[in-house]
Amino acid sequence: MTSYPNNEPPKSLHGVAPIQTQKDLTAAIYARTSSQRQRHGYSIDEQVRQCYERCQYLGWSVSHVFCDEAVSGKDTDREMFQKLLTGAESGWFDVVIVWKLDRFSRSLMHAVQLERDLRDWNVGLHSVTEHIDTTTPTGRFNFQNISSASELEREMTKQRTQMGIRALAEQEKWPNNNPPLGYVRQDNGKLKIDPQEA
């Protein structure tokens, strides 16, 4: 059975809820849903509950809970997300804990950049479901490997895209379904003049 400070989880799940106990590290929980429908699949309360359980297991105290509900991860101006970053920079807590990395960031590369910022502020990052924990030397090493792999994949994707575009150009084919003004893209990928636009 899960035990919370004062025997209950924080009342305010949509703002900053102070719940301080005496432990080695102080954690801030961040939770997010991206749509009204998702509220039921990956609910705010369930994300927070699992983060609390992990903190309890690790002996961490929870000082703040930040929640953004029905907000896209692509939106970095999320209200509670920005408050989380402000708190991290101000030294309110030692580690940010999330249920899953995609609740925290819009992409792996974005997560890598955020982790760099947190590291500059001496704040760790912990994911409950992905075995990511930058509060330890091994965890930091593992995350750096993830970062390097992500950068490699990004560069390889870029290279493959450039190679594909060059190959299409050599075959006189247009690379997408949005031809330039005055042309239409044929089924074979080549352009022809659009009489109606010419």
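Keep in mind that what you see is a predicted model, and the values were worked out from it rather than measured.

Cut-offs and rules
- Residues numbered from 1 in each chain as written.
- Predicted model: local features only at pLDDT ≥ 70, side-chain atom pairs only at ≥ 80, totals over all residues.
- Heavy atoms only, no water.
- Pairing = 2+ DSSP bridges.
- Helix = DSSP H or I, 4+ residues; strand = E, 2+ residues; numbered from the N terminus.
- Contact = heavy atoms within 4.5 Å.
- Axes fitted to C-alpha atoms, helices over the stretch in contact; angles between N-to-C directions.
- pLDDT = per-residue confidence, 0-100.
- Core = buried A, V, L, I, M, F, W, Y, C linked by side-chain atoms within 4.5 Å.
- Buried < 20%, exposed > 50% of the residue type's maximum accessible area, 1.4 Å probe, protein only.

A.B. asks: So, the sheet that holds strand β4 (residues 124-127): which residues are in play, and what are the values?
C.D. replies: Taken in spatial order, the five strands line up as β2-β1-β3-β4-β5 in an open sheet, and their pairing is mixed. With partners counted over all chains shown, the strands left at the sheet margins are β2 (61-68) and β5 (132-133), one partner each. Bridging between β4 and β5 involves two bridges; their strand directions are antiparallel. Opposite H126, over in β5, you have D133 as the bridge partner. The strands touched by helix α2 (residues 44-58) are β1 (26-32), β2, β3 (95-98) and β4; relative to β1, the strand with the most contacts, the crossing angle is about 160 degrees.

A.B. asks: An account of the confidence of the model for the chain is needed here, citing residue identities and associated values.
C.D. replies: Regions with low pLDDT carry predicted coordinates that are not meant to be interpreted in detail. Residues with a pLDDT of 70 or more make up 75% of the chain, whose mean pLDDT is 77. Predicted confidence is poor over residues 1-23, with pLDDT under 50, and the contacts of this stretch with residues over four places away or in other chains come to 46 contacts.

A.B. asks: Please set out the nonpolar core residue by residue, giving values where relevant.
C.D. replies: Counting 21 residues, the largest nonpolar core has Y30, L84, F93, V96 and F104 as the members making the most contacts within it. For this core, the secondary structure elements donating two or more residues are β1, α3 (79-89), β3, α4 (101-104) and α5 (108-120). Top element by residues in this core is α3. It accounts for five residues. Setting aside anything within four residues of it in sequence, one finds F104 in contact with Y30, R78, F81, L84, V96, V98, L114, L118 and L125.

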